[in-house]
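# Topology and contacts: notes
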Amino acid sequence: GAGVSQSPRYKVAKRGQDVALRCDPISGHVSLFWYQQALGQGPEFLTYFQNEAQLDKSGLPSDRFFAERPEGSVSTLKIQRTQQEDSAVYLCASSLLAGEIDTQYFGPGTRLTVL
Amino acid sequence: AQTVTQSQPEMSVQEAETVTLSCTYDTSESNYYLFWYKQPPSRQMILVIRQEAYKQQNATENRFSVNFQKAAKSFSLKISDSQLGDTAMYFCAFRNTNAGKSTFGDGTTLTVKP
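Here is what the cut-offs are and how they apply
- Residues numbered from 1 in each chain as written.
- Chains lettered and ligands numbered in written order.
- Predicted model: local features only at pLDDT ≥ 70, side-chain atom pairs only at ≥ 80, totals over all residues.
- Heavy atoms only, no water.
- Disulfide = S-S within 2.5 Å.
- Helix = DSSP H or I, 4+ residues; strand = E, 2+ residues; numbered from the N terminus.
- Buried < 20%, exposed > 50% of the residue type's maximum accessible area, 1.4 Å probe, protein only.
- Core = buried A, V, L, I, M, F, W, Y, C linked by side-chain atoms within 4.5 Å.
- Contact = heavy atoms within 4.5 Å.
- 1 Å grid on protein atoms, 1.4 Å probe; cavity = no way out; pocket = protein on both sides within 12 Å on 5 of 7 lines; lining within 4 Å.
- Points joined across faces, edges and corners; volume = space filled by probe spheres on them.
- Nonpolar A, V, L, I, M, F, W, Y, C, P; charged D, E, K, R; others polar.
- Pairing = 2+ DSSP bridges.
- Phe/Tyr/Trp six-rings, centres within 6.5 Å; stacked < 30°, edge-to-face > 60°.

Should the sulfur atoms of two cysteines be covalently bonded, the bond is a disulfide. The tally for this structure, following the rule as stated, stands at two disulfides over all chains. Two residues share a disulfide in this structure: Cys23(A) and Cys92(A), whose sulfurs sit 1.9 Å from each other. Here the S-S torsion is close to -65°, and the disulfide linking Cys23(A) with Cys92(A) is therefore left-handed. With Cys23(A) in strand β3 (residues 19-24) and Cys92(A) in strand β9 (residues 88-95), this residue pair connects regions lying 69 residues apart in the sequence. For Cys92(A), a relative accessible area of 0% translates into the label buried. The disulfide partner of Cys23(B) is Cys92(B), and the S-S distance across this bridge is 2.0 Å. Here the disulfide of Cys23(B) and Cys92(B) is left-handed, its torsion about the S-S bond being about -70°.

Structure representation (structure tokens):
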């Protein structure tokens, strides 16, 4: 089947705007992860879902960042009042199992540019 | 907190030669997993190889193998018979056994030259 998809692939926002980034995981995958990847750096963990439950949100940098996965499939990462330091590629990954170390499959990412 | 360090920002290798990418990490945990991921230019990140910390035997996947030194907290990746398609950024990552969070290094850009 299809891999992890993310939309939009590119997003340009003016500082202060709200944005919503979507992740469609592989069908049936229980676990879903969000990462932020700044230019020239490795991904940094933001948050983790197991089905609809957000089990870890320790990586969200501020209360302007909010993620949800209400039906345990599609997830949305929302950033309110965007700032220039939010410019990055946002990666989503999913894995089949929960409670085990399973292969994470990554999406292509959404490149966010805040002007 | 765990940290992952990749000390080689860029490396190059001739096609068909062997190259080794370095990674060190810091943790107080005894059970964990280590990964190498490949991120080709403008393409999705994919898993190359993984190693369970409780296993002494080094993982291998075709041309890719690791040298896991638990006491030294070192986890290097060896690519044999390098191919042009191996050109990519390579990330080393650490994950606790009971955690969702992975910690990544800052990557090594590998260029395979014809």
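Residues and elements named next belong to chain B. Judged by nonpolar contacts, the single largest core of 25 residues is most densely connected at Tyr25, Trp36, Phe75, Leu77 and Tyr90. Counting only elements with at least two residues in this core, the list comes to β3 (19-21), β5 (32-39), β6 (46-52), β8 (64-69), β9 (74-79), β10 (88-96) and β12 (108-113). Among the elements that make up this core, the one with the highest residue count is β10 (four residues). When near neighbours in sequence (up to four residues on either side) are disregarded, Tyr90 contacts Gln6, Leu21, Trp36, Tyr37, Lys38, Val48, Phe64, Leu77, Ile79, Gly107, Thr108 and Leu110.

In this structure, the largest pocket occupies an estimated 580 Å³ of space. Forming the boundary of the largest pocket are 26 residues, of which Gln37(A), Val89(A), Arg111(A), Gln39(B) and Ser42(B) lie nearest the centre. Breaking the lining of the largest pocket down by element, the ones donating at least two residues are β9 and β11 (110-114) of chain A together with β10 of chain B. Of all the elements, β9(A) adds the most residues to the lining of the largest pocket, at three residues. Tallied by class, residues from the lining of the largest pocket come to 13 nonpolar, 10 polar and three charged. In this structure, the second largest pocket is lined by 14 residues; those nearest its centre are Pro43(A), Glu44(A), Phe45(A), Thr103(B) and Phe104(B). Elements with a contribution of two residues or more to the lining of the second largest pocket: β5 (44-50) of chain A together with β11 (102-104) of chain B.

This part is about the pairing of β5(B). Residues and elements named next belong to chain B. Counting buried residues in β5 gives eight out of eight residues, a clear majority hidden from the surface. Along β5, one buried face is formed by Tyr32, Leu34, Trp36 and Lys38 and the opposite face, lined by Tyr33, Phe35, Tyr37 and Gln39, is buried too. Both β5 and β10 contribute to a ladder of eight bridges, which runs antiparallel. If you follow Gln39 over to β10, its bridge partner there is Met89. As paired strands, β5 and β6 are joined by six bridges and run antiparallel to one another. The residue of β6 that forms the bridge with Leu34 is Gln51. Hairpin connection between β5 and β6: a loop of six residues separates the two successive antiparallel strands, and Ser42 in this loop has a positive phi of roughly 60°.

Right, let's talk about the packing of aromatic side chains for a bit. Residue and element names in this part refer to chain B. Counted according to the given criterion, the structure contains 15 aromatic pairs over all chains. Between the aromatic rings of Tyr25 and Phe94, the centroid separation amounts to 6.1 Å while the plane-to-plane angle is 35°, which identifies the pairing as tilted. Here Phe94 lies in strand β10 and Tyr25 lies in strand β4 (residues 24-26), a separation of 69 residues in the sequence. For the pair formed by Tyr25 and Phe94, the shared burial category is buried. An angle of 20° between the planes, with centres 6.2 Å apart, marks the rings of Trp36 and Phe75 as stacked. Linking Trp36 in strand β5 with Phe75 in strand β9, this pair joins segments that are 39 residues apart in sequence. The exposure class of Trp36 is buried, given its relative accessible area of 0%.

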